[in-house]
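Here is what each chain is made of, one letter per residue.
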Amino acid sequence: MLGLIDEGSRRGAAYVEVRYQADSGKAIMMRNGRVLSLSSFGGEGVGIRILLDGGIGFSSTNSLNKSSLREALERALSAARVAGRLKRRKTGMSDERVGKASYEALQKRRIDDLSVDLLVERARDAEKNARDALKEARLSVFAFSLSSHVQEKLLLTSDGAKIQSRIPRLYASINFVLEDSGRTLQRWREFGGSGGAELLDEWKIEEEMREEASNLEVVMLRGISPPNEKLDLVLGQEIVGLAMHESSGHPMEADRILGREAAQAGESFVKPERIGEKIGSALATVIDDPTIPGSMGFYLYDDEGIPARAKHLYREGVIWEPLMNREMAFMVGRKSNGSARAMNYASEPLVRMSNTYLEPGTMSFEELIEDIYFGLYVKSYMEWNIDDIRWNQRYVGLESYIIRNGEINEPVRNPVIEITTGDFYGKLVGKDKNLKFFPGTCGKGEPHQGIPVWFGGPNVRLRNVSVRALGD
Amino acid sequence: MSALEIASKLLEAVRTSWQDAASMVIERERTLVKIWNGEAAVVQKWKTVDSYLRLGLDGRLVVLELSTSDPGKIADEAGSIWRIARRLEPSEIYSPLPQPTVQRMVGKAGDQGVKEFMEDPSPLVEEALDEVAREGGERASGTLSLELYRRGLATTAGFEGEEERTLLAFHLRAFAGEGSGHWSLGSTRLDRDGIREVGRRAGEIAIMSRKPADFSPGKFDVVLSPMVMGNLMNILALMSSALATMMGYSFLSKYKVGDAVGSQSFSLYDRPRDQELPGGALFDDEGVETVDKAIFEGGKLLTLLHNTATASRNGGKSTGNAGWVMPRAWNLDVLPGDVKEEEMAEILRNGIIIMNNWYTRLQNYVEGQFSTVSRDGALLVKDGEIVGNLGRVRLSTSLPRMLSSIEQLSRERSNILWWEVEIPTRSPFALIRGVNLTRPEV
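Cut-offs applied
Residues numbered from 1 in each chain as written. Chains lettered and ligands numbered in written order. Predicted model: local features only at pLDDT ≥ 70, side-chain atom pairs only at ≥ 80, totals over all residues. Heavy atoms only, no water. Contact = heavy atoms within 4.5 Å. Buried area = accessible area lost by both parts, 1.4 Å probe. Salt bridge = Lys/Arg side-chain N within 4 Å of Asp/Glu carboxyl O. Helix = DSSP H or I, 4+ residues; strand = E, 2+ residues; numbered from the N terminus. Nonpolar A, V, L, I, M, F, W, Y, C, P; charged D, E, K, R; others polar. Pairing = 2+ DSSP bridges. Axes fitted to C-alpha atoms, helices over the stretch in contact; angles between N-to-C directions. Left-handed = near helix turned anticlockwise from the far one by under 90°.

Enquirer: With reference to specific residues and values, describe the interface of chain B and chain A.
Expert: Every contact between the two is made by 90 residues of chain B and, on the other side, 94 residues of chain A. Summing both sides of the interface, chain B and chain A together bury roughly 7800 Å²; the carbon and sulfur share of this comes to 48%. The largest share of the area that chain B buries against chain A comes from Trp36, Gln363 and Trp419 of chain B, three residues that together contribute 10% of it. In this assembly, chain B and chain A are joined by 14 salt bridges. Of the charged contacts, one joins Arg124 of chain A and Glu89 of chain B as a salt bridge, the two residues approaching to 2.8 Å between their closest N and O atoms. Considering each element in turn, the side of chain B that touches chain A owes the most residues, 12 residues, to strand S2 (residues 39–57) of chain B. The class makeup of the residues in the side of chain B that touches chain A is 38 nonpolar, 25 polar and 27 charged. By the bridge criterion, five bridges tie strand S3 (residues 55–61) of chain A to S2 of chain B in an arrangement that is parallel. Each residue of the ladder has a partner; that of Thr61 of chain A, found in S2 of chain B, is Lys47 of chain B.

And the structure:
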C-alpha cells in the first residue's frame, strides 16, 4: 500500500489515500419463531483516492495482487485527471495534523461466540413475550433479523496518516404487526451497538417486546383520535433522537451546505452565512460524538486520518459547527473535524454523522409534564420524513397519550406532527435527564452508502405545537 | 476467466457439502461522474467481482455474499457456515432449485457506445449542462454512471447462464433562482438524445418553478410526473414480492389475485425482456427463464412476484423473479394513457403537478399508508394554467387509495432511474383525484 502512495505521489498527485477494508458478518432471518435463512456477507478490498490537478478521482479493487492494485491506481489517476479537466475551480484537501494509531472497539464477550442456537432462542423468547402480552389482538407477523458485523480498516495517506482499526457491531431489527377486527398496527424496532455478545443482554429485547406489544395493543384498540389543535407536546427519546439526526445532523453536513449533495440527499437550510445565527431556545444543544464507547457510530479516527471528537452542531440555540471532511474544510478555509466515513472499500469517504444527540437536561420526566393541563405525549413513531433542505418535517406518533392535569392519560392513535426545524428548536422549553440512544443506518451518497449511527436525546417538551389526525 | 467460469469453479468448490447450490458471479466495470454546480465533484471508477452462493442443506436455506472471486475464500466461508447451518431447522422458504427448462442461456447486449465513454465521459456531461444553460438554468448537479456488467450463474440443477449488458444512468437537478427541476434517464445504451433531454427537462422545470405560489393544506387533484410515479411504483413492486406479503411489508397481503386494487386505467408490468430499460435479465437467480408479466392489469392484481420457494408455498410456479430469499422485479413498465403530456394541465384544470419527490415513508405497510415530500416543482394549476410553485409540500395518502384514484395517464412516457427509483421504471404522467396535501402550519 505504501508503494501505491509513493507511485501516486511520484505521478504528480497532491494527495493519495489508500484504504484497505475488510468486512465480514453473519445474519439470521426469522418469521413467527421460525428460521427462514442464514446468510454470510463480506469482502475485502482497497479504495484509492487521488487529488491531482485540482480534481479528485477514486477507484477500488477487490483483487489484492500487485498488478490489480497498480491498475486501480491508474484508474484513480485517470479519474482525477478527468475530474480536474471538468473543474474550473480547483479543489484541495485541508492541511491537517493526521494520526498514527491502532484501536479497536472492546468486546466483553466475543461476537464469534454467539451460537445460532442462542440467537434462535432469544428471538423465540421475544416473540413469545410479545404474543403472551396481548389480551385481544393477534400477532400476525413477528419478523426478526439479527446480524453481526466486523469491520477492519488500514488507512494510509500521503501526508502521513496510518490508522488501523477493528470495530465489531451487533444489530437486530424487529417488525411486528398486530391485528384485530380489521384494524392493524405495525411496529418497527432496531437495536444496535459496537462491542461484543454482551450487547444482546444489554438490549433486553424480550422485555422491550412484552412492553411494546402490551402498550401498542391498548393504543390500537382503545386509542382515541388526536386533538386537532395547538398544545404542549412531550416527545419521547426515540422521536427526539430521530429529529436530531434529521433536522440537526443532516443540515449541518458541510457538503450539503455547500451543495455537493444537491441532486441526491439535497441541500440545507443552513447556508455558510447562517453559521452563528440563532435557531432555537437555549436548550437546543445538539452534539455529534463518534467517541462514545459501545455506540453504532463509534470511531476514534475518521477515514481521512483525522482524530475524532465531539462537535456541537447547535449550541444553546445557535447554529455552531458543521460536520467537515478535508475537502469541505479546504473550500471554506477551515480545519476538518474528523467527520469523513466510508461504507466499505469501494466507497469514497463522505461527510457523515456518527452519534447525534440532544444534550440532556436536569429534570425528571414527571417534572417535564407536571404543569401541562392538556397536552400530548408521543413516545414512539412509525412514519417520518423531512424535505431536502431539512426544514419541513413530519412524525406520525405510534405510542401516544393525552396528558391531562400533569399525568399520562388515555391512549391516542396516529397523531401527526408537521413542524419546521425553526419551530422545533424554537419551541423547545423543557428536557429531562433521561438520555437514550437508538441505532440507525444513515443513507447518503451515490453510489448509496449506508453508515451505522446512533441518535438520541432525552424526553422534551415543545410549547404550543399543532397536532392533527392522520388523513385517509 | 468469464463470470460463468468463475461461478462454475465456485460451484465445484462447494457442491459436495451441500444438497443443492447456485453460484452467481457479477463482474462490473463502472465509471461515475458526480456533478456539483456544473463541475465534477469526483470521478470514480470501479472494477469489481462479487460472488454469491445459495446453498441448500436438508431444507435449510443459506446465502453467501462475498466481494471476491477467490474460490478458496468462498469454500472456506461455505465450510464455516455449513457447521452453523446444520444446527438450524428447515426453512419455510426453502425449495429445491428448479430443473431448468433451458439448460444454457447466453446473452450479449452490451452497447459499444457506453463502453467508449467509460474512460472519459466528460463530453456527455457537458452536452447535458449546455441544455440546462440553454433553458435558463443557473447551476446543475447530478450523476452520470456508465457500466459494463457481466453475470454468470451455475446451479447444481444443471443450469448455466451468462449475460453481458451495459447500463447508463443519468440524472440532473437544475436550479434557477428559487426554482429547481430534476429529471433522469435509465438506458441500456448510449442515448445522447436522452442525456440532452434530461438537461433540457431539468432546466425547463427549474424555470417553470421559479415563481412562488401559496396554498392551504387540503385535498387536491394532482398530476404526478414519471419521477414521482417511478418512486411509488418501486415501492409497489417491493410490496408485490411474495415474501413482502409474508413478512408484514405489503398491503397486498389483504388482496387475492384477481382482486381490483387500482382503477381500470392502471396497469403495471415487470419487463425483464425489455431492450431499453437497464434492469433486464434473461434468467433469474435460480436459472429460471424470465418473462414479461403484468403485476396489475386494468387495476386488477394479476400476480405477485415469486421465486421457486414462494411459488410452491402458493401452489404455483416461479414467475422468474428470484431473488434467492426475496423475489424482486427487474424493470417496471406503467402502461400509457391517451392524453398528450402537454394537455395534462388543461385536463387537471385546478390542482397541483408534482414534478419530483423523495423520502416516501410508510406509516403502516399492511394498510399502505404513506407520505412523501415534493422537492422540485409542486406547480399550482388554476384554470388549466401553471401559476406558480408551492415549494415543498407533503402528499399523504395510501397506496390502495391512490391506485384506485388514477384517472388519466399521459401518452408519453419516460425511462426513470435515479436515487429514489432504483428499479428502472418507464412511466407516464398520472392524474389522480382527491389527494391530501399538507405542510407545517407556521
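Enquirer: Provide a residue-level description of unusual backbone geometry, including the pertinent values.
Expert: Looking along the chain, the bond that leaves Glu446 of chain A and enters Pro447 of chain A is cis, with omega of 0°. Checked against the element boundaries, Pro447 of chain A lands in the loop between strand S22 (436–444) and strand S23 (449–457). A cis geometry characterises the amide bond from Ala322 of chain B onward to Gly323 of chain B, with omega recorded as 10°. For Gly323 of chain B, the location among the structural elements is in the loop between helix H8 (308–313) and strand S12 (332–334). Not every positive phi belongs to a glycine, and Asp53 of chain A is a case in point at roughly 55°. Along the chain, Asp53 of chain A falls in the loop between strand S2 (34–52) and S3.

Enquirer: Please provide a residue-by-residue account of the packing of helix H1 (residues 2–10) of chain A against helix H2 (residues 66–86) of chain A, values included.
Expert: Helix-helix packing: each pair is described by the crossing angle between the helix axes and the interaxial distance. Residue and element names in this part refer to chain A. Viewed as axis vectors pointing N to C, H1 and H2 meet at an angle of 35°, and their least axial separation amounts to 11 Å. Along this stretch, H1 crosses H2, giving a crossing that reads as right-handed. Here Leu4, Glu7 and Gly8 of H1 lie close against H2, whose contacting residues are Leu69, Arg70, Leu73 and Leu77. The class makeup of the residues in the contact of H1 with H2 is four nonpolar, one polar and two charged.

Enquirer: Let's hear about the sheet that holds strand S21 (residues 428–431) of chain A: which residues, and what values?
Expert: Residue and element names in this part refer to chain A. Spatially, S19-S18-S15-S8-S24-S21 is the arrangement adopted by the six strands of the open sheet, whose pairing is mixed. In this open sheet, the two strands that pair with only one neighbour each are strand S19 (407–412) and S21. Averaged over all pairs of adjacent strands, the angle between their axes in this sheet comes to 30°, without regard to strand direction. Across four bridges, strand S8 (residues 230–235) lies against strand S15 (residues 374–378) in parallel orientation. Bridging across to S15, Leu235 finds its partner in Val378. Contacting strand S18 (400–404) and S19, helix H5 (residues 205–222) runs over the sheet at an angle of about 60° to S19.

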